[in-house]
Amino acid sequence: MKPKRIAAVLAAFSILLTGCSSQKNPPDGSSSGGNQEPPQTEAVTPEPDSLPDDGDPAPEGDTAVEYEDTDDELTEETPEAPVDESAFEWRVRPFLEADDVYPLSVSAGAGAYGDFIASDYMLISRGGKVGLMTRGGDVMLEPETTRAYSCVNDSGDRHVLFTDGDPDSGDRICFCVMTGALIRTADDVCTLCGGDLRAGGSGVAALYDTEKKVFGVMPAETVRSAKAGDSLPLADSFVMSGASVPGSAAALGFVLPDDFISSEVSGNGTLDGSFGVVRNGRAMTSFKYRNATDFKDGVAAFQQDGKWGYLNKAGRLVLPFEYDAAFPYSYTKDGAPEMLPYLPSEGYIALNQNGRAGYSNLKGEIVIPVGTFAAARPVFDGQAWAKQQGSGLWGLAAFGAAVTGEAPVQQQQEEAPALTPYHAVNGEGWQEAYADLLRTAGTGETLQFSLCMVDGDDVPELVLHWYDRNGFVQENEDVEMYTYYNGSISDLGNVSCDGYCTCKYLPQKQIVLVGGMREDVALYEFRKLEDGELTTVCSFSMIMSGDRVKYMIDGNECSKDTYVGRWKEYYNGDVSYDGGMYHNTEENIVGILGVEAPAE
């Protein structure tokens, strides 16, 4: 059986989940949380003293059955408040048109179920499609697939597969987190780092029998692939003590056999589809919640009557049950998302509520009133992506310690090139030269062109693309680059890369990346554009033979770490793609280059 995949936003499930897995429907339509408390992040607001640590004993007199539900302590709705932009500032003013923006979370390390492991990238969705951008807002991949799956293996290789179908096969766009690069591939090995794009998972999920007062864990994949009422074998999998059993957990209700003996674990247990808080083996709340995340920074999110609230490790209510799930944490293979609320990040909790959003601290105090934004996302480095009320545009907001009084960056959407012709300060005549070439190269649907600023001067390079294929056919790549230097046009040859039928370049380094996968060999060249010529500065190759991958730099064999390290010197997530591709029609030649056809 093939391993299931976790969506791109899923870094690690429960205590330690690495690998590729898809989420089946959890019990009663909910999801079963794992139970790791990851290392505490440095919080902007200190964790309140009332949140007990896992190692603390239970409160005096507290037993497994003598808990007191406190869900009604905070029942008032978050008060409506006018937007107060003095509480934050737009570090990047709203400019991005997108239905949603959410963190890309991929990590081989431990993490809480429902958590986002901080990365330098964000996923964007538009019109039911998903794409990729940097945390600073530079779009790397326009939304073009319906879902994204993470693939993390035990070796620490981290990838995200963008696809419309089964992530285990077919034409997929792969993002290699290690190198910060995108490739299109149908292979099972990343041609950039040699990492496996298929892997299994591990980790545990917490379970609690409310009648027998027994707490333990089982393999996460076993629990997550089951639903309420399913029977699960206990032998060799149900563990009641040891390093894998957490002190505090959002546990899933579990019914052990009537003849259960802890010293002789055998028989089958049954999931009951309920959740509650367990601390030091004792229930701190009743098991009445329909879904839950793991704990992070002392709080976990629980679902009740379709809404989400937050409890601490003592089972006390921190935030009322009035917030919405806004985080597409995972996808099933049929594309259905599993939606969860956000867990804390840097002491802030992003709160989303019926098209209104704001932030609280770990004590449950509202620090950015709900309604300030239309949508709010987690805080990284004191900044968070948020959707502006009214305009519906996304920007990067800073608040708390990150607000310095500096003027925010004004960023606007680029106008379509067809409406804004290029005009160089130097190199007069390039527009006419490119227009002449395009008019003689042939027009129609099979030829498209782009303008790319590769070598840092005022004159863009011209890239021609011939599209005469359907789907992923590596042999049909045909991409040529031209440059205009010292008053004349030069053909720089084929610059195709990775089966995209496109050009990848690093404008800040004047480098073009050329190559891709050919059968069992991945060959890439970094070519520098200087003085009107492309010169190879470094070549990388991988030869895959059986179970061994052979790494080479400039024809010399090396280790994987050396290979990846050198690759990063050239290519570290700062790649650009073409510059917009346009059908080679007279209308586009005139609109983009501003050069009318000569009179007949």
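Residues numbered from 1 in each chain as written. Predicted model: local features only at pLDDT ≥ 70, side-chain atom pairs only at ≥ 80, totals over all residues. Heavy atoms only, no water.

Caption draft 1: Quick look at the sheet that holds strand 17 (residues 291-292). In space, the four strands of this open sheet follow the order 17-18-19-20, with antiparallel pairing throughout. The open sheet has two edge strands, strand 17 and strand 20 (317-323), and neither has a second partner. Note that strand 17 and strand 18 (residues 299-304) share two bridges and pair antiparallel. From the neighbouring strand, Ala-292 faces strand 18, where its bridge partner is Phe-302. (Pairing = 2+ DSSP bridges. Helix = DSSP H or I, 4+ residues; strand = E, 2+ residues; numbered from the N terminus.)

Caption draft 2: Examining unusual backbone geometry more closely. Located in the positive-phi region is Glu-346, a residue other than glycine, with phi close to 55 degrees. Within the element layout of this structure, Glu-346 appears in the loop between strand 22 (337-340) and strand 23 (349-353). Despite not being glycine, Gln-510 shows a phi value in the positive range, around 60 degrees. Position of Gln-510 relative to the elements: it lies in the loop between strand 32 (504-506) and strand 33 (511-518).

Caption draft 3: Main features of the pairing of strand 34 (residues 521-530). By the bridge criterion, eight bridges tie strand 33 to strand 34 in an arrangement that is antiparallel. Paired with Leu-513 across the two strands is Phe-526, which belongs to strand 34. Between strand 33 and strand 34, which follow one another and run antiparallel, lie two residues, and Glu-519 among them has a positive phi close to 55 degrees. Across ten bridges, the pairing between strand 34 and strand 35 (residues 533-545) is antiparallel. Note on strand 35: the bridge partner recorded for Glu-530 is Glu-533. Between strand 34 and the antiparallel strand that follows it, strand 35, lie two residues; Asp-531 among them carries a positive phi value of about 55 degrees.

Caption draft 4: Region of the structure containing helix 4 (residues 586-593). Burial in helix 4 covers these residues: Asn-588, Ile-589, Ile-592 and Leu-593. Burial along helix 4 is one-sided: seen end-on, the buried residues are contained in an arc of 105 degrees. With its phi angle positive at about 70 degrees, Gly-594 sits one or two positions after the end of helix 4. (Buried < 20%, exposed > 50% of the residue type's maximum accessible area, 1.4 Å probe, protein only. Arc of directions from axis to C-beta.)

Purely spatial values, then, with no claim about function.
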